[in-house]
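# Fold and contact review
Listed below are the residues making up each chain.
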Amino acid sequence: MANRLRFAGNYINSHHRLFRRCCSSISDITRIPLSKSIPHIIPYQYATTNRSRYETKVTTLNNGIRVASENTYGNFMTVGVALDSGPRYGLPFPAGIQHFFEKLAFSSTAQYENRDVILQELEKYGGISDCQGTRDTLLYAVSAERKGLASMVNLLSEVILTPKITEDELQMTRAAIGFELESMDMQPDPEPILLEMIHAAAYKGNSLGLPSFSPKESLPLINRETLLTYLNVYHRPERMVIAGVGMEHEHLVDLAQKYFEPKIPTWVSEGNLVDQTVQPDYSIAQYTGGILKVEKDLSNVSLGPTPMPELAHLVIGLESCSHKDPDFVPYCVLNMMMGGGGSFSAGGPGKGMFSRLYINVLNRHEWIYSARAYNHAYNDGGIFCIHASSHPSNLKQLSDVILKEFTDMLQAVPEMELSRSKRQLQSMLLMNLESRPVVFEDIARQVLSNGVRQTDQFYFDEIEKVTDEDIHRVAARMLKTKLTAAALGNLNQLPKYSTLQETLINSETRKSKMFSIF
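Residues numbered from 1 in each chain as written. Predicted model: local features only at pLDDT ≥ 70, side-chain atom pairs only at ≥ 80, totals over all residues. Heavy atoms only, no water.

Take the overall build of the chain next. The helix and strand tally for the chain stands at 17 helices and twelve strands. The contacts in the chain between residues at least 6 apart in sequence include a share of 80% that link residues at least 24 apart. About 26400 Å² of surface is accessible on the chain, with carbon and sulfur atoms providing 56% of the total. (Helix = DSSP H or I, 4+ residues; strand = E, 2+ residues; numbered from the N terminus. Contact = heavy atoms within 4.5 Å. Areas by Shrake-Rupley, 256 points an atom, 1.4 Å probe, with all protein chains shown as cover.)

Written as structure tokens, this is what we have:
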């Protein structure tokens, strides 16, 4: 019994000493700042792999189709087709024709009788499909199990090259678009409408200013002949990229040759329905600037017991640059630096609460409901804009606040602010590329535009190189362009366009003189 007690005492004393040492080491660790490493800790060793196996490879087929892919781990893959096609090329056609292709995607083809049969084919491999368009690109994509790659490539070739486009499908598409337009008009958040308006004002009547959504007056004008003519002009092999993530490149090339090269498109087999006189539009985007206003009663736009306040929306923009321009990355950093969001948005630094639009606008002016910055970049142009909203009675003050933020871009950028913006942009870049569909879209867009794909490390390093001089330079470049504005709501207090432009010029002149003194 005595031995047992003595053993128990020794056990307790030894653990007590160990506990005190642990507490001491923990308290020591808590005094070490995060900028320094913890002593006596072996650094984490990253596993190394054959990186060349997972680089993007590009092959051009005999008919001009480019095939690009990147292999990854996992049992699922994403494969799709990107086309150099979009509303910016729609000038000879009824407005918003691409809207029809988004709705008609994955409908009946020469091989598949209807959409239900296509869904059944997708279900065999746990697959999903999607079709989305931007102003200069149309993307078809499928995600499914790797073993279904051949079936999915065949499905894509059918959907893209041999669609039936029946009259019943056209009627359903017109109804779906009409419903979408009504729904968009009733939504409390008018961001899609304002996005259309700011582009229409910035590129009046040309390329990037053409509508993405099919207006109601265009619905009866778009028929099978019109759609086949458009497909004949823009869905050509040289304007097409087959992109994939999660497969061997050689296998994807073989499947593309098998299913895409020999297949005769519908617009070729039914060439009598196609207007052969229509040629591709190679015009370059022409930035015009200007203003587009839509008077609308927004006093009761939300349903339910807690209605939203009446708001007027204002977007002010200036010309930026294309994504091929050397200043593209500095513009992206500037966009991150401006940031913004809603006045009631919860969160911390990770949500951009230290951005300029939060600190200088939303935190200082309680009457501003939201303020956020956007940078839209395309192959041959771009627009940098700030979208803000407030009660209609404050529109004059709102425009002054936004214009001041544009001219304040000429100020010197504190090192901490610049560093935070670059870190946030780098983090967003890397986190987004953790998603397989995002990697697919990145590959497809870059290869379609540039013929190659730059790595994430390339853009990470380019972001790191941005200096405060770069920010000042691109801001000065932007402020030399003509102002663009879009406004929606009760606009009685909105200043005239000439007043907005004059205010911007005068503020810029004062800023330039102020900094020239130093």
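This paragraph deals with the layout of surface pockets. Estimated volume of the largest pocket: approximately 1800 Å³. Considering the residues around the largest pocket, the lining is formed by 50 residues, among which Phe328, Cys332, Asn375, Ala377 and Arg445 are closest to the centre. At the level of secondary structure, the elements contributing two or more residues to the lining of the largest pocket comprise α6 (191–202), α10 (328–338), β10 (368–377), β11 (382–390), α13 (415–432), α14 (436–450) and α15 (456–465). With eight residues, the top contributor of residues to the lining of the largest pocket is α14. (1 Å grid on protein atoms, 1.4 Å probe; cavity = no way out; pocket = protein on both sides within 12 Å on 5 of 7 lines; lining within 4 Å. Points joined across faces, edges and corners; volume = space filled by probe spheres on them.)

This brings us to the packing of aromatic side chains. This structure, assessed with the given rule, holds eight aromatic pairs. Each ring, one from Tyr203 and one from Tyr287, has its centre 5.6 Å from the other, and the planes form 85°; the classification is edge-to-face. Remark: Tyr287 occurs in the loop between α9 (266–269) and β7 (290–295) and Tyr203 occurs in the loop between α6 and α7 (224–234); sequence separation between them is 84 residues. With respect to burial, Tyr203 and Tyr287 carry one shared label: buried. Taking NZ or CZ as reference, Arg239 lies 5.0 Å from the ring centre of Tyr89, over its face. Its guanidinium or amino end placed over the ring of Phe354, Arg420 lies 4.7 Å from that ring's centre, counting from NZ or CZ. (Phe/Tyr/Trp six-rings, centres within 6.5 Å; stacked < 30°, edge-to-face > 60°. Buried < 20%, exposed > 50% of the residue type's maximum accessible area, 1.4 Å probe, protein only. Lys NZ or Arg CZ within 6 Å of the ring centre and 35° of its normal.)

Once that is clear, we can look at unusual backbone geometry. One non-glycine residue, Ile165, lies in the positive phi region at around 55°. Of note, Ile165 is situated in the loop between α4 (149–161) and α5 (167–186). Exposure remark for Ile165: the relative accessible area of 5% places this residue in the buried category. Unlike most non-glycine residues, Ser207 shows phi in positive territory, near 35°. Within the secondary structure layout, Ser207 lies in the loop between α6 and α7. What makes Ser207 buried here is its relative accessible area of 4%.

It is worth spelling out the environment of Asn63 at this point. Mapping Asn63 onto the fold places it in the loop between β1 (57–60) and β2 (66–70). Residue Asn63 is classed as partly exposed on the basis of its relative accessible area, which comes to 26%. C-alpha separation for the pair Asn63 and Glu238, spaced 175 residues apart in sequence, amounts to 7.5 Å. For Asn63, the contacting residues outside a window of four places in its chain are Pro237, Phe260 and Glu261.

What follows is about empty space enclosed by the protein. Which parts of space are left empty comes out when a probe the size of a water molecule is rolled across the atoms. This model, assessed by the stated rule, comprises three cavities of 30 Å³ or more. Of the voids in this model, the largest cavity is the one considered here, and its volume is about 130 Å³. Lining the largest cavity are 15 residues, with Leu104, Ala105, Tyr140, Val159 and Pro163 positioned closest to its centre. Taken together, the elements giving at least two residues each to the lining of the largest cavity come down to α2 (97–104) and α4. Among the residues making up the lining of the largest cavity, the classes are represented as ten nonpolar, three polar and two charged. (Nonpolar A, V, L, I, M, F, W, Y, C, P; charged D, E, K, R; others polar.)

Time to look at the sheet that holds strand β6 (residues 240–245). The six strands lie next to each other as β1-β2-β6-β3-β5-β4, forming an open sheet whose pairing is mixed. With partners counted over all chains shown, the strands left at the sheet margins are β1 and β4 (128–133), one partner each. Mean inter-strand twist for the sheet, computed between neighbouring axes without regard to direction, equals 15°. Here β2 pairs with β6 via five bridges, running parallel. Within the sheet, the bridge partner assigned to Glu70 lies in β6 and is Val245. (Pairing = 2+ DSSP bridges. Axes fitted to C-alpha atoms, helices over the stretch in contact; angles between N-to-C directions.)

For the rest of this paragraph, the subject is the packing of α4 against helix α8 (residues 249–259). Two elements in contact, α4 and α8, have axes separated by 10 Å at closest approach and are oriented at 40°. Classified by the interaxial angle, the pair formed by α4 and α8 is oblique. You can see that α4 and α8 cross each other, and the crossing is right-handed. Residues Leu149, Ala150, Val153, Asn154 and Ser157 of α4 form the contact with α8, whose own contacting residues are His251, Leu252, Leu255, Ala256 and Tyr259. For the contact of α4 with α8, the per-class residue count stands at seven nonpolar, three polar and no charged. (Parallel < 35°, antiparallel > 145°, perpendicular 65-115°, else oblique. Left-handed = near helix turned anticlockwise from the far one by under 90°.)

One recurring pattern in soluble globular proteins: nonpolar side chains tend to sit buried together. Counting 74 residues, the largest nonpolar core has Val79, Phe106, Tyr140, Met152, Leu227 and Phe260 as its most contacted members. Ignoring anything within four residues of it in the chain, the contact list for Met152 reads Met77, Val79, Glu121, Leu122, Tyr125, Val142 and Ala144. Ranked by size, the runner-up nonpolar core spans 50 residues in total, among them Leu357, Tyr358, Phe406 and Met409. (Core = buried A, V, L, I, M, F, W, Y, C linked by side-chain atoms within 4.5 Å.)

Relative to the assigned elements, Lys103 resides in helix α2. C-alpha separation for the pair Lys103 and Met172, spaced 69 residues apart in sequence, amounts to 9.0 Å. Setting aside residues no more than four positions away along its own chain, Lys103 makes contact with Arg115, Thr173, Ile177 and Glu180.

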